[in-house]
Amino acid sequence: MDQRLFVKGNEAVAMGALAAGCRYYFGYPITPQSDIPEYMARELPPLGGTFIQAESEIGAINMLLGASACGVRAMTSSSSPGISLKQEGLSYMAGSELPGLVVNICRSGPGLGGIDASQADYFQAVKGGGHGGYHLIVLAPHSVQEMYDLAMLAFDLSDQYRIPAMLLGDSVIGQMKEALTPHARPQVTLPAKDWAVEGKGTRSAQRIVKSLYLGDGELEAHNWKLHRRYELLREHEARWEALDVEDAELIVTAFGVTARIAKSAVRMARAAGLKVGMIRPITLFPFPGAAFAEATRNAKKVLCFELNTGQMVEDVRLSVARDADVYFYGRPPGAGSLPTPEELYAQIAAYCRRSA
Amino acid sequence: MNLDVFIAGYGGQGVLLLGNLLACASIREGRNVSYFPAYGVEKRGGAATCTVVISDAEVGSPVVGRPQAAILLNQASVEKYFERIRPGGFALINSSLMEAPAPACAQVEVLAIAMNEVALEVGDARLVNMVAAGAWAKKTGAVQLSSLEQALREVLPERNHRFIPLNVEAMKRGAAFVTS
């Protein structure tokens, strides 16, 4: 298993899902994620799995809901406009406490937009893009290896908490190729799916998967139950990567492909003698707020880079120490508008010089 | 080692295959690599670019603003990208498709090879990218020709494996232009 493969990000996420035991895929093609259904269409049938190209994104998400209700590991994938179409189904899955994986290889918007890498779906992903005040577990890979690893983790967290998981990538991470070391799924103990509708058998009680609660006080109790799970996630499952934060006077933060570019910029800054560290959120929900609170006890400057006009920066501002100064630098996507490490380094250097 | 190379040409010249090949061979030599293709609405005959970053450590940005080396396979690419090369860097230019002499720059070492002619001599105009691969590998010392040959088995579909000897010959011809 330890041979390094040379793999595209989109293929890595599909490989990770299969290694995690996913055997059902429902989707509809859209650029730049179509390698995922293509891979699944080829690889699932020989594994005894099922691939369905649905009639639409809405069809696909509801097929995922149905499969998940039966207790199997299943997924769908799409790209920004297609993910918008899935929002109703996601809200129903959240309300019905159904796990499942949704991959969003983001492209630029709003509307039809373009196919460039974008991070403008952050709000939609972490704040609940559909109705009803729910959350998804949202993971943001920044490498091909993480596309594989986090696909596995997404299934486990999703099953553990009975919350749908979203893997939020972008067209750079989806289309780029890197070395990937495949590995077996980590051994984790997950709760039995004693809610799955798999036939009544000899049981006396019927199982029902639903999001409709009409009884007196039922819906409020249901919402408090969901809320407690989101709190548990915040407490136990926030994940991030920290680089050189111990002596940092300035903390850079970014996720996904922007974090890759920022890492190079941070290395350039360190080489120039600037005391710069970095926090890269790996889970966007739950947001690793504690990491920012801790780091900004000393470092009073935070610089947030995003491929949009400012979305994650709001969660950063809510997390930092009260007297920390948060500065944002971002660019909305458009043809050729990916920032370079040199460009981000210039921002870091200028912000370091600025008095708070 | 921390090397990057930006490759540009027009669609059909094998820009993406060349990037794939350099990346795959470098991985087989135990390094970390990112291969980032330009992914857009380009049509056949339009522009094609990709960036390969090779490192002994973790690869940072797959996007490079000012590359260390560039392989520029046509006039339009030279016009658009030559000036982005870092001072002290290296440009490998396909002089077959240059209407004017290859640009001279005191801070960038230029190696101009008439790649189309070389490819035709070897036997097929489509071998331009392999001539470039050989010259780049020899010049940078980043990968062995034998690794590139091995990588061809991975990046080419099985039906094209019969062309591997011809590709290897083109790489050798490219490498021969580099005098150490």
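Cut-off values and rules
Residues numbered from 1 in each chain as written. Chains lettered and ligands numbered in written order. Predicted model: local features only at pLDDT ≥ 70, side-chain atom pairs only at ≥ 80, totals over all residues. Heavy atoms only, no water. Helix = DSSP H or I, 4+ residues; strand = E, 2+ residues; numbered from the N terminus. Rg over C-alpha atoms; globule rule 2.2 N^0.38 Å. Contact = heavy atoms within 4.5 Å. Areas by Shrake-Rupley, 256 points an atom, 1.4 Å probe, with all protein chains shown as cover. Lys, Arg positive; Asp, Glu negative; His and termini not counted. Charge placed at Lys NZ, Arg CZ, Asp CG, Glu CD. Buried < 20%, exposed > 50% of the residue type's maximum accessible area, 1.4 Å probe, protein only. Pairing = 2+ DSSP bridges. Axes fitted to C-alpha atoms, helices over the stretch in contact; angles between N-to-C directions.

An unreviewed UniProt entry annotates chain B as 2-oxoacid:acceptor oxidoreductase family protein originating from Geoalkalibacter halelectricus.

Under an unreviewed UniProt entry, chain A has the name 3-methyl-2-oxobutanoate dehydrogenase subunit VorB and belongs to Geoalkalibacter halelectricus.

1. Observations regarding the overall build of chain A
Of regular secondary structure, chain A possesses 13 helices and 14 strands. For 356 residues, the compact-globule estimate of 2.2 N^0.38 gives 21 Å, and the C-alpha radius of gyration of chain A, at 21 Å, lies within 12% of that figure. Along the three orthogonal principal directions, the C-alpha set of chain A runs to about 70 × 50 × 40 Å. Relative to all contacts within chain A whose residues are 6 or more apart in sequence, the contacts with residues 24 or more apart total 80%. About 14300 Å² of surface is accessible on chain A, with carbon and sulfur atoms providing 53% of the total. One way to put it: in chain A the 35 positive side-chain charges average out to a point 2 Å from where the 38 negative ones average out.

2. Overview of the overall build of chain B
A count of helical and extended segments in chain B gives six helices and six strands. Each helix (α) and strand (β) of chain B, taken in turn from the N terminus, gives the series β-α-β-β-β-α-β-β-α-α-α-α. Taking 2.2 N^0.38 as the reference for a compact globule, 180 residues should give roughly 16 Å; the C-alpha atoms of chain B span a radius of gyration of 15 Å, in line with that estimate. In terms of principal-axis extent, the alpha carbons of chain B reach across some 40 × 40 × 40 Å. Evaluated residue by residue, chain B yields a buried proportion of 54% over its 180 residues. In chain B, the share of contacts with a sequence separation of at least 24, taken over all contacts with a separation of at least 6, comes to 55%. Of the accessible surface of chain B, which amounts to about 8000 Å², a share of 50% is contributed by carbon and sulfur atoms. Averaging the coordinates of the 16 positive side-chain charges in chain B and doing the same for the 16 negative ones gives two points 3 Å apart.

3. Regarding the sheet that holds strand E5 (residues 101–106) of chain A
Residue and element names in this part refer to chain A. Ordered in space as E3-E2-E4-E5-E7-E6-E12, the seven strands form an open sheet in which the pairing is mixed. The outermost strands of the open sheet, each flanked by one partner alone, are strand E3 (50–53) and strand E12 (283–285). Pairwise comparison of adjacent strand axes, ignoring direction, gives a mean angle of 20° for this sheet. With two bridges joining them, strand E2 (residues 24–27) and strand E4 (residues 74–78) adopt parallel strand pairing. The partner of Tyr-24 across the bridge, within E4, is Ala-74.

4. Concerning the sheet that holds strand E11 (residues 276–281) of chain A
Residues and elements named next belong to chain A. Taken together, five strands build an open sheet; the order of strands is E9-E11-E10-E13-E14 and the sheet is mixed. Only two strands of the sheet have a single partner each, and these edge strands are strand E9 (240–243) and strand E14 (325–330). Strand-to-strand twist in this sheet, taken as the mean axis angle between neighbours without regard to direction, amounts to 20°. Sheet topology note: the E9/E11 ladder contains four bridges and is antiparallel.

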